[in-house]
Amino acid sequence: MRVLLLSANTFLEPHPVYPLGLDYVARAISNFHETRILDANLLAGKEDLQAALAEFSPQAVGISLRNVDNTSAEATHSFLEETRGLVRTVREASRATVILGGSGFSLFPQRLLEELGADYGIVGEGERLADLLLALDKGIPNPRMDGVIFAGGPPCRTAPWRGIPARLTPARNAHTSYYLQHGGVLNLQTKRGCPFRCIYCTYPLLEGGAMRLFEPRDTGRTARMLQEAGARFLYITDSVLNAHEEHSLAVAKEMKAAGVSIPWGGFFSPRVSTPDYFPRLAECGCTHVEFGTESLCGPMLRAYEKPFEARDVVAAHGQALEAGLRVAHYFLLGGPGETADTVRETLERIEKLPRGVFFFFCGIRVHPGTRVHAVALEEGSLGLEDDLLEPVFYAPRGIGLQEINGLLETAARGRGNWVTPRLAGRIARVTRRLYALGHTGVLWDRLIG
């Protein structure tokens, strides 16, 4: 079967994100099907997609939805209309079976299947597409299998896929060239599954809570191949890289042994580590640490069900700085129990975090199945009938999002290393201009004073 895998994501903030998931899906099916990957960022218009469909004549088109919206309460933008246009063009230009998947789709599978008019959907990890295609090849039109839904069929609940996936490592081609020319950042994954239970997060829903660790030596070799493909920065996409410190150190060691010489970074929990943890990462080429901090107020960290306290954040920040790493923190204001006082406490305590960059988000996007969704239902601010496909943000009882934004903007005045919702779009535009001039990497370190 000829299968076209189409990445629908064209959102470029804060920087273009390589569609890593399709590499894993392609590897899962390419031994049995003629497979191509197409990126919507390469399409100047529907004519380009029509031409690709005419040239390849796929029998199945898998469309990956990374997100359904930009999760911003300040300037909300839904991606559904763009995706609807892609599905419409596929329908008009071919007779291919249309299959939806991706993390965004998996949060609203039944609703999006109906809304976008697809034939099938893959819920959860995309490697399940291999099983669906096998069933279709055998002439089974509506296979009832884990993780597969179809038009007119019953709702599907699925457990996380338990396999250790293999990746089709990209080479220099049109698919990767876009990202090499717009920042040079390619992505790497070292494990799946997240053991933490942050109330707003969808990772445990998508990948499960049990960590599946990729073999460090294989990951090191993959990183080297990405470098040889032209990557100038590697971003590790694990939900939390240091959720398993020993494994992350083993991966870093294997990356160095494989000859990886380009800088790399990832997303970390600001927990106190062993004294040599960050120095060992730095010795192996790590340069950028992004902490998912969210708050520096004790009651708010507990409300978010974070596995650390404010003093741990300060300590982890210091450890990373002492290792020579560049450090950023992400803050999420507006959770359950937030008040003007808790917001001020967080903003004032940032003074204890020198030489960092701070990204702020005001308002929690509510996704079905998360703890914050359950809290909103318990409090009566949302009902079971509320359609969360259209962006809905949690409303704390003690303060409005507009007041939070006001407190934040006042505190951020004159601070070039504080990226508030009002400034995020401007920073993204500057980043794109720097990429056009040949700069590479995530670039937020340019904001450090």
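Keep in mind the model is a prediction, meaning the values are calculated, not measured.

Before going further, it helps to spend a moment on the side chain of D23. Position of D23 among the secondary structure elements: in helix α1 (residues 20–29). Engagement of the side chain of D23 in a polar contact is seen with the side chain of Y18, the distance being 2.9 Å. Once residues within four sequence positions are removed from consideration, D23 is found in contact with Y18, I37, R167, L168, P170 and H175.

This paragraph deals with the environment of A320. Examined against the element boundaries, A320 turns out to sit in helix α13 (residues 310–322). Residues A320 and D341, 21 residues apart in the sequence, show an inter-C-alpha distance of 29 Å. When neighbours within four sequence positions are excluded, A320 is seen to be in contact with F278, F291, L325 and V327.

To continue, consider unusual backbone geometry. A negative phi holds for most residues other than glycine; trans holds for most peptide bonds. The backbone of R355 sits at a positive phi, close to 50°, despite the residue not being glycine. As for its position among the elements, R355 is in the loop between α14 (340–349) and β14 (356–362). When its relative accessible area of 51% is taken as the criterion, R355 is described as exposed. Phi is positive for L443, which is not a glycine, with a value near 70°. Secondary-structure assignment places L443 in the segment after α17 (421–436). For L443, a relative accessible area of 7% gives the class buried.

Turning next to a positive patch on the surface. A cluster of basic residues, R426, R429, R432 and R433, forms a positive patch on the protein surface. As for its placement among the helices and strands, R432 is situated in helix α17. Given a relative accessible area of 33%, R432 falls into the partly exposed group.

Attention now moves to the nonpolar core. Core analysis: the largest hydrophobic core is formed by 52 residues, its most contacted members being L49, I63, L100, F105 and L112. If near-sequence neighbours (up to four positions away) are discounted, I63 is found in contact with L6, A8, V87, V98, I99, L100 and G101. With 36 residues, the next largest nonpolar core counts L20, Y24, Y277 and C286 among its residues.

Parameters and conventions
Residues numbered from 1 in each chain as written. Predicted model: local features only at pLDDT ≥ 70, side-chain atom pairs only at ≥ 80, totals over all residues. Heavy atoms only, no water. Helix = DSSP H or I, 4+ residues; strand = E, 2+ residues; numbered from the N terminus. Polar contact = N/O pair within 3.5 Å; in protein donor to acceptor, adjacent residues only side chain to side chain. Contact = heavy atoms within 4.5 Å. Buried < 20%, exposed > 50% of the residue type's maximum accessible area, 1.4 Å probe, protein only. Patch = residues over 30% accessible without salt bridge, like charges linked within 9 Å, V, L, I, M, F, W, Y side chains within 5 Å. Areas by Shrake-Rupley, 256 points an atom, 1.4 Å probe, with all protein chains shown as cover. Salt bridge = Lys/Arg side-chain N within 4 Å of Asp/Glu carboxyl O. Lys, Arg positive; Asp, Glu negative; His and termini not counted. Charge placed at Lys NZ, Arg CZ, Asp CG, Glu CD. Core = buried A, V, L, I, M, F, W, Y, C linked by side-chain atoms within 4.5 Å.

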